[in-house]
Amino acid sequence: MRYLFPSDYMADPSAHVFGDRLYIYPSHDRESGIPENDNGDHFDMQDYHVLCLDDPDQPEARDLGKILDVKDIPWAGRQLWDNDVVEKNGRYYLIYCVKDKTDTFHLGVAVSERPEGPFIPLPDPIRGSYSIDPCAFKDEDDEVYVYFGGIWGGQLQRYRDNRSLENAHLPEGAEPALPGRVVRMTADVTQFAEEPRPVIITDDEGNPLRADDPHRFFEASWMHKYNATYYFSYSTGDSHLLCYATSDSPYGPFRFRGELLQPVVGWTTHHSIVQWRGRWFLFHHDSVPSGGRTWLRSVKVAELQYEPDGTLHLKE
Ligand code: FUB
C-alpha cells in the first residue's frame, strides 16, 4: 500500500479509468477548527480537486486542480463530502453530496465535457435525494445507478421509504440493519428515474444482516462488476471495516462475502475498486500522516486479487 498524494489531505477516493488515464475524485479535507463530534461537523470540506495517474506504478498522483467549489453550488450550505463521477455519451457527471442551507444533506449533479473538469453544478439538488456518499455505476447496457446513504452524521436514519421521518430511527440489536439505497438515473443522468430502493445485504441463508452485526452497512457504497457479478462494497462505520457482498442484479439482494480491509488509523474508512490495465486496485484513505486526526486523511492505493470462486482480497 502506498500514499498517493502526500502534499495535501484528501479522502473518500473514487477512482475511474477514462481513456488511458486513471482519475481520482476525492473529498478535500481541511483543518477547520470545528471540534470532533458524532454529527461529523469536523468534516467541513469546501471544494474538490481531481488527481490523476498515467501509470499504475507511478509513485504519486498529480493534482489537476480544483473542479468544484461549494460557493458555486446555489443550493449548498456546508460540508462537501464524498463524490463520484460517471461518463455517459462523452459527458462527465459528478454526483456529490452537501448540506443545504438548513443543514440537510442532498445529492447534486455537476457536468463537464472532460474528466478533469471544471464541473458546472445544476441549480438544484436531485429531486427526492437525501443522505450522503453517492457512488455512480454505469452498467454494460449504459444504465447509470447511484448507490448512496450513510448513517449518524450522514442522516440516513432520518428517512424511511424515501420520506423524512418526524423522529429519526436507527435500528438496534436483532432488528434488520438500516440499508443503503440504490436508484436508476434518468438517461441524462440528472434525476432519479425511480424511487430509491433498499440495498439489502444478507447472510448465507438469505436473512438480512442484523443491526448489531459488525458487517452491516454504514456508509461509503461502491459498486463494481466482475464476471457478470455485481460487487457491492461498503464501510461498516463504527466497526471500521471495509466489506463486500455480491449479487446477480444491480439492485441486489447482496450476499455478504467478506472483509476487504481491517480498521485503519482514523475513524472513517472509505474506498473505491477499479480495474486498470488488467490489474485490480483498492483506493482508500487513512489518517496516519496527520497523526490520527480523523478529519485529515490521506489517499492510498493497494492491489486486489480474485480467487477462482470470485472471492476478493488484498494481494499478498
Ligand atoms: O468525508 C466525509 C465522510 O467521511 C464521508 O462521506 C464518509 O464516507 C466518511 O469517509
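Located above this text is the structure these notes cover.
Report follows, based on the coordinates. (Residues numbered from 1 in each chain as written. Predicted model: local features only at pLDDT ≥ 70, side-chain atom pairs only at ≥ 80, totals over all residues. Heavy atoms only, no water.)

Looking now at the layout of surface pockets. Its volume calculated, the largest pocket comes out at about 540 Å³. What lines the largest pocket is a set of 23 residues, and nearest its centre among them are His16, Phe137, Lys138, His224 and Val274. Take the lining of the largest pocket: its biggest share by element is five residues, from strand E17 (residues 219–226). A class-by-class count of the residues in the lining of the largest pocket yields 14 nonpolar, four polar and five charged. (1 Å grid on protein atoms, 1.4 Å probe; cavity = no way out; pocket = protein on both sides within 12 Å on 5 of 7 lines; lining within 4 Å. Points joined across faces, edges and corners; volume = space filled by probe spheres on them. Helix = DSSP H or I, 4+ residues; strand = E, 2+ residues; numbered from the N terminus. Nonpolar A, V, L, I, M, F, W, Y, C, P; charged D, E, K, R; others polar.)

This part covers the site of the ligand. Taken together, the residues surrounding the ligand are Asp12, Met45, Trp81, Asp82, Ile132, Asp133, Glu219, Thr268, His270, His285 and Arg297. Asp12 is positioned such that a nitrogen or oxygen atom in its side chain is 2.5 Å from an oxygen atom of the ligand. Within the side chain of Asp133, an N or O atom sits 2.5 Å from an oxygen atom of the ligand. Isolated, the ligand exposes 280 Å² of accessible area, and the fraction of that covered by the protein chains is 99%. Among the residues making up the shell around the ligand, the classes are represented as three nonpolar, three polar and five charged. (Near = heavy atom within 4 Å. Polar contact = N/O pair within 3.5 Å; in protein donor to acceptor, adjacent residues only side chain to side chain. Areas by Shrake-Rupley, 256 points an atom, 1.4 Å probe, with all protein chains shown as cover.)

Moving on, we come to the pairing of strand E19 (residues 242–247). Of all six residues in E19, six are buried; the element is thus mostly enclosed. Across the two faces of E19 the burial is the same, with Leu242, Tyr244 and Thr246 and Cys243, Ala245 and Ser247 all buried. By the bridge criterion, six bridges tie strand E18 (residues 229–235) to E19 in an arrangement that is antiparallel. In the sheet register, Tyr231 faces E19, and the bridge partner there is Thr246. Between E18 and E19, which follow one another and run antiparallel, lie six residues, and Gly237 among them has a positive phi close to 60°. Here E19 folds back onto strand E20 (residues 254–261), and the loop between the two strands holds six residues, one of which, Gly252, carries a positive phi near 80°. (Buried < 20%, exposed > 50% of the residue type's maximum accessible area, 1.4 Å probe, protein only. Pairing = 2+ DSSP bridges.)

Right, let's get into the pattern of salt bridges. Applying the stated rule across the entire model yields 29 salt bridges. Note that Lys138 is salt-bridged to Glu87, the shortest N-O span being 3.0 Å. Within this pair, whereas Lys138 is found in strand E10 (residues 135–138), its partner Glu87 is found in strand E6 (residues 83–88), the two being separated by 51 residues in sequence. Classification of Lys138 by relative accessible area gives partly exposed; the value is 30%. The salt bridge involving Arg255 is made with Asp204; its shortest N-O contact spans 3.1 Å. With Arg255 in strand E20 and Asp204 in the loop between strand E16 (201–202) and E17, the pair connects residues that are 51 residues apart, well separated along the chain. Three or more residues are tied together by salt bridges with common partners; here these are Asp41, Arg78, Lys99 and Asp103. (Salt bridge = Lys/Arg side-chain N within 4 Å of Asp/Glu carboxyl O.)

It is worth spelling out the environment of Glu259 at this point. Within the secondary structure layout, Glu259 lies in strand E20. Sequence separation between Glu259 and Pro179 is 80 residues, and the spatial gap between their C-alpha atoms is 18 Å. Beyond its immediate sequence surroundings of up to four residues, Glu259 is in contact with His215, Leu241, Leu242 and Cys243. Within the local environment of Glu259, its side chain forms a polar contact with the side chain of His215, the two groups lying 2.7 Å apart. (Contact = heavy atoms within 4.5 Å.)

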